[in-house]
Amino acid sequence: MSKKYSLEWNLDSLFQGGSSSPRFAAFVEQSESLCAAILQELQQSGDVSPEASQLANWTDRLQDILAQLREADSYVACLTSQNMQDRRAVAWTERIQSLAARYKQAADLYDAKLAMVTDSAWREWTGRPEIAGILFPLNERRAFAQDKLPPALEAVASELAVDGYHGWGEHYNTIVGRITIPWEENGKQVALSVGQAANKMEDADPAVRDTMFAKWEEAWAAQADMAADTLNRLAGFRLKLYGMRGWRELMKEPLLVNRMSQDTLDAMWTAVEGSIAPLKRYLALKARLLGKEQIGWQDMDAPIAAEQPKISYDEAAELITNAFEQFSPDMAKLARVAFEEGWIEAEDRAGKRPGGFCTTFPLGKQTRIFMTYSGTPGNVSTLAHELGHAYHAEIVKDLPPMAQEYAMNVAETASTFAEALVSDALLRRAATKEEKLALLDERLQRAVAFFMNIRARFLFETRFYDRRASGMLEASELNELMLQAQKEAFGEALGSWHPHFWASKLHFYITDVPFYNFPYTFGYLFSTGLVAVAEREGDSFRSRYDDLLRDTGVMTVEQLASRHLGVELDRPDFWEAAVARAVADVEAFAELCE
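This section reports on the structure supplied with the text. (Residues numbered from 1 in each chain as written. Predicted model: local features only at pLDDT ≥ 70, side-chain atom pairs only at ≥ 80, totals over all residues. Heavy atoms only, no water.)

Looking now at the overall build of the protein. Each helix and strand in the protein was counted, giving 25 helices and five strands. What you see for the protein is a C-alpha radius of gyration of 24 Å, in line with the 25 Å of a compact globule of 594 residues. Across its three principal directions, the C-alpha atoms of the protein cover 75 × 55 × 50 Å. Taken across its 594 residues, the protein has 58% of its residues classed as buried. Taking the intrachain contacts of the protein between residues at least 6 apart in sequence as the baseline, contacts between residues at least 24 apart amount to 77%. For the protein, the exposed surface amounts to about 24,700 Å²; the carbon and sulfur share of it is 49%. Across the protein, 62 positive and 87 negative side-chain charges occur, with their mean positions spaced 1 Å apart. (Helix = DSSP H or I, 4+ residues; strand = E, 2+ residues; numbered from the N terminus. Rg over C-alpha atoms; globule rule 2.2 N^0.38 Å. Buried < 20%, exposed > 50% of the residue type's maximum accessible area, 1.4 Å probe, protein only. Contact = heavy atoms within 4.5 Å. Areas by Shrake-Rupley, 256 points an atom, 1.4 Å probe, with all protein chains shown as cover. Lys, Arg positive; Asp, Glu negative; His and termini not counted. Charge placed at Lys NZ, Arg CZ, Asp CG, Glu CD.)

So, about helix α15 (residues 329–340). With 12 residues, α15 extends 16 Å from end C-alpha to end C-alpha; this agrees with the ideal 16 Å at 1.5 Å per step. Turning to α15, its buried residues are Met331, Ala332, Leu334, Ala335, Ala338 and Phe339. Take α15 and look down its axis: the buried residues cluster within an arc of 160°, on one side only. Turned more than 90 degrees from where α15 packs its buried face, Lys333 and Glu340 sit exposed. Those residues of α15 hidden inside the fold are in contact with α14 (313–327), β3 (344–345), α16 (377–396) and α17 (408–429). Remark: Gly342 follows α15 within two positions and exhibits a positive phi of approximately 70°. (Expected span 1.5 Å × (residues − 1). Arc of directions from axis to C-beta.)

Overall, the coordinates contain 37 salt bridges when judged by the stated rule. For the salt bridge of Lys292 with Asp299, the shortest nitrogen-to-oxygen distance reads 2.7 Å. Look at Lys292 and you get partly exposed, because its relative accessible area is 22%. A residue is classified by how much of its surface remains accessible, and Asp299, at 0% relative accessible area, is buried. Of the charged contacts, one joins Arg455 and Glu488 as a salt bridge, the two residues approaching to 3.7 Å between their closest N and O atoms. (Salt bridge = Lys/Arg side-chain N within 4 Å of Asp/Glu carboxyl O.)

Here the focus is the packing of helix α6 (residues 151–163) against helix α10 (residues 224–245). Contact pair α6 / α10: the axes reach a minimum separation of 12 Å and the direction vectors enclose 175°. In terms of axis orientation, α6 runs roughly antiparallel to α10. Across from Glu154, Ala157, Leu160 and Ala161 in α6, the residues of α10 making contact are Phe237, Leu241 and Arg245. For the contact of α6 with α10, the residue count by class is five nonpolar, no polar and two charged. (Axes fitted to C-alpha atoms, helices over the stretch in contact; angles between N-to-C directions. Parallel < 35°, antiparallel > 145°, perpendicular 65-115°, else oblique. Nonpolar A, V, L, I, M, F, W, Y, C, P; charged D, E, K, R; others polar.)

Core analysis: the largest hydrophobic core is formed by 208 residues, its most contacted members being Phe451 and Trp502. Top contributing element to this core by residue count: helix α18 (residues 433–468), with 16 residues. (Core = buried A, V, L, I, M, F, W, Y, C linked by side-chain atoms within 4.5 Å.)

The next subject is the pairing of strand β4 (residues 357–361). The buried count for β4 comes to five of five residues, which makes it a mostly enclosed element. Of the two faces of β4, the one carrying Phe357, Thr359 and Phe361 and the one carrying Cys358 and Thr360 are both buried. By the bridge criterion, five bridges tie β4 to strand β5 (residues 366–370) in an arrangement that is antiparallel. From the neighbouring strand, Cys358 faces β5, where its bridge partner is Ile369. Between β4 and β5, which pair antiparallel in sequence order, lie four residues; one of them, Lys365, sits at a positive phi of approximately 55°. (Pairing = 2+ DSSP bridges.)

A few words now on the pairing of strand β1 (residues 181–185). With five bridges connecting them, β1 and strand β2 (residues 188–192) associate as antiparallel partners. When the bridges of β2 are listed, Glu184 appears paired with Gln189. Taken together, β1 and the strand that follows it, β2, pair antiparallel across an intervening segment of two residues, in which Asn186 is found at a positive phi of about 55°.

Running from N to C, helix α4 (residues 119–126) and helix α5 (residues 135–145) cross one another at 160°; their axes reach a closest spacing of 12 Å. Judged on the interaxial angle alone, α5 and α4 are roughly antiparallel. α5 is crossed by α4, and the crossing has right-handed handedness. Contacts between α4 and α5 involve Asp119, Trp122, Trp125 and Thr126 from the first element and Leu135, Leu138, Asn139 and Arg142 from the second. Classifying every residue of the contact of α4 with α5 by side-chain character gives four nonpolar, two polar and two charged. (Left-handed = near helix turned anticlockwise from the far one by under 90°.)

Note: strands within a sheet are paired through backbone hydrogen bonds, in either parallel or antiparallel orientation. One open sheet accounts for three strands, arranged β3-β5-β4; its pairing is mixed. The open sheet has two edge strands with one neighbour each: β3 and β4. Its contacts with the sheet place helix α2 (residues 52–82) against β4 and β5, and it is angled at close to 145° to β4.

Residues other than glycine seldom take positive phi values, yet Lys365 does so here, at roughly 55°. Along the chain, the position of Lys365 falls in the loop between β4 and β5. Owing to a relative accessible area of 37%, Lys365 belongs among the partly exposed residues under this scheme. You will see that Phe515, though not glycine, has its phi angle at about 55°, which is positive. Judged by relative accessible area, which is 1%, Phe515 ranks as buried.

Before going further, it helps to examine the packing of aromatic side chains. The tally for this structure, following the rule as stated, stands at 40 aromatic pairs. Aromatic pair Tyr313 and Tyr373: ring centres 5.5 Å apart, planes at 70°, arrangement edge-to-face. Residue Tyr313 is located in helix α14, and its partner Tyr373 is located in the loop between β5 and α16; the two are separated by 60 residues in the primary sequence. Each member of the pair, Tyr313 as well as Tyr373, carries the same accessibility label: buried. Pairing Phe451 with Tyr524 gives two aromatic rings, centres 5.4 Å apart and planes at 70°, and the pair type is edge-to-face. You can see Phe451 sitting in helix α18 and its partner Tyr524 sitting in helix α21 (residues 518–537), a full 73 residues away along the chain. Ring-pair connections join several aromatic residues into one group, and the members of that group are Trp269, Trp297, Phe458, Phe460, Phe464, Tyr465, Phe490, Trp497, Phe501, Phe508, Phe515 and Phe518. A cation sits over an aromatic face here: Lys252 above Trp247, 5.6 Å from the ring centre. In this structure, Lys352 is placed above the aromatic ring of Phe370, and the distance from its NZ or CZ to the ring centre is 4.9 Å. (Phe/Tyr/Trp six-rings, centres within 6.5 Å; stacked < 30°, edge-to-face > 60°. Lys NZ or Arg CZ within 6 Å of the ring centre and 35° of its normal.)

Read these as geometric descriptors, not functional statements.
Given below as C-alpha cells:
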C-alpha cells in the first residue's frame, strides 16, 4: 500500500535551494539593508520627542522588518534541525542572530522614543483607528523601555550577545551533534542520533528501555563538562545583564515575557502540588502493569501493552484530522493542508535534531512542523501538539506583526488543547479495556510531564540561578541539583532518576525565552479549562476559542481569561479545578487495572 503523505517537508516552496538558496541570500540582504536604514535613522534622530507622523513611519517599517526576521529565522531553524551537519546553515544562524541583534537595537531605540512622548500626545496618537490593533504591545513597549538600560547600552548588550549569550545557546547543537549512541538493530550495529535514541525510551520492551537509558546517561555524562560550561555561561550572561538593569527579581523577565503576574504563577504551582498524591498512585499502578516494583525514569512514557502496534504516519494523519473535525472544521482543514502540502518533517533518520517544534513563516502565511516519527502514540500526540501551534498561527496570520507576538504560555494553550481533542476522540471510540487503559495511560503521562517533570525543571532552574549568582557550578553539582528537584517534584515515586537531564534537555539552552518550562504547565492547565468549557458549551464555544487565540498577542493572560472565560487566574480556584480534572483519569485507570 503506497503512502499517502510524505514524511519530508517541502522547504523549496519557501526558498528553493536550502542553505545555498540564492533567493534566501537576497532576502536576508534586503532585510539587513532595511534594518540598517531604520537603525541609522533612529540613531541620528536625537533626544527629542518624535512627531506622530515619524512614529507611524517607524512603527510600520519595524513591523515589516519583524515579519522578515521571523521568516528568515524560521527557515534557518528548519535547515539546522533537518541536518545538524549542515555547516552552511549554521553560518546562516549566526548571520540571522546578528540581524536580530540589530533589529533589537532599532527596537530599543524605537521604544525609547515611545517613552519620550508626553502622555497627552501619546493618547492622541494611539487613539487613531490604525493603531487600535497594536495598542496593547505599544503600551507594553513604552512601559518596558523605562525599566531597561539606556538604548546605547542595550545595543552593546545585544551585539555582545550574538557571539556570547546566543553563541553559547547554539553550542548545545554542537554538543548534540557529537553524540552517537551505539545500538544493535536487526542484528547489525548502528549509530543512533540523539533523536532516534530518545524514541527507544518509548519501546514496549523493558530491556530495550533499560539498556537505552543506561547508554543515554553514559552518552550525556561524557559531554557533561561541556554542557556545564555552556549552561553556566548562559546563566552568567543573563544574571549580569539583569544586574546592570537593576533587576533584583530573577523571574521579572520570564513573567514580563509571558504577560503574567507572580501571583498567577504562585497560584498555579500551589495547585500543582496537590497532584502529587494521585499521580504517585498512577505511577505505582503503572509499575505493577510493567512488572516492576517501582517505575523508572525510562518507563514513564513506556506503553503498558506487551506489544504495541505501530501507527503509520497516514493513520496518524487521519486520526488527528478526524478528531479536529469534531470540534472545528477549520482546524481539520488546516491539518489537511499541512499534511498535503508538505509542511511536516517527520522522517525517522540519522542526523536530525532531537525534539519537535512548529515554526511560523508570517510572509508566506505558512508553518513548518519538525519531529521524528516512529509510530508510537507519543509521536501522534507530538504531531497533534505541533498542529495545534499551526492552527494558532493560522488564526493570527492576518493581524499586524506586533499583534502576532503572543507569549509562550498561551502558545502552549493551543497545542495542548489540540492534544486533548485527539485524546478525547480516541478514548470515546475505544472498544476494549486494553485500548482504554492505553489511552488513559497516555493522558496521565502528559499530566506527569506537566505537573512533575516540568515542575522539576522549574525547581532546578530557579535553584541553579540562585547558586550561579555566587559562581560557576560543576557538572556534579548540577547533577545533585537535578536529582533533588526530580525527587521533590515526583514525591520520591521513581526507582531510577535522570541526573544528566539538565545536560540533555534543549529547553535549558534556549536563549529566546528565559525559563522555558512553566509556560508548558500553564498552557496544559489553561487548555484543560478550555476543554471543560468546550464540552459544556458545544459548538457555540468554537468561535470564542478562535477569538481567544486571536487576542493572545494583545492581552495579559489575566485579561484573556477574564474576558473569554470569566475566571481570575491569580486566585487558586481555576487552577485547582483544572488540576482535579487532569488527574481524574487516575480513578478510571485504577478501575481498569483491577
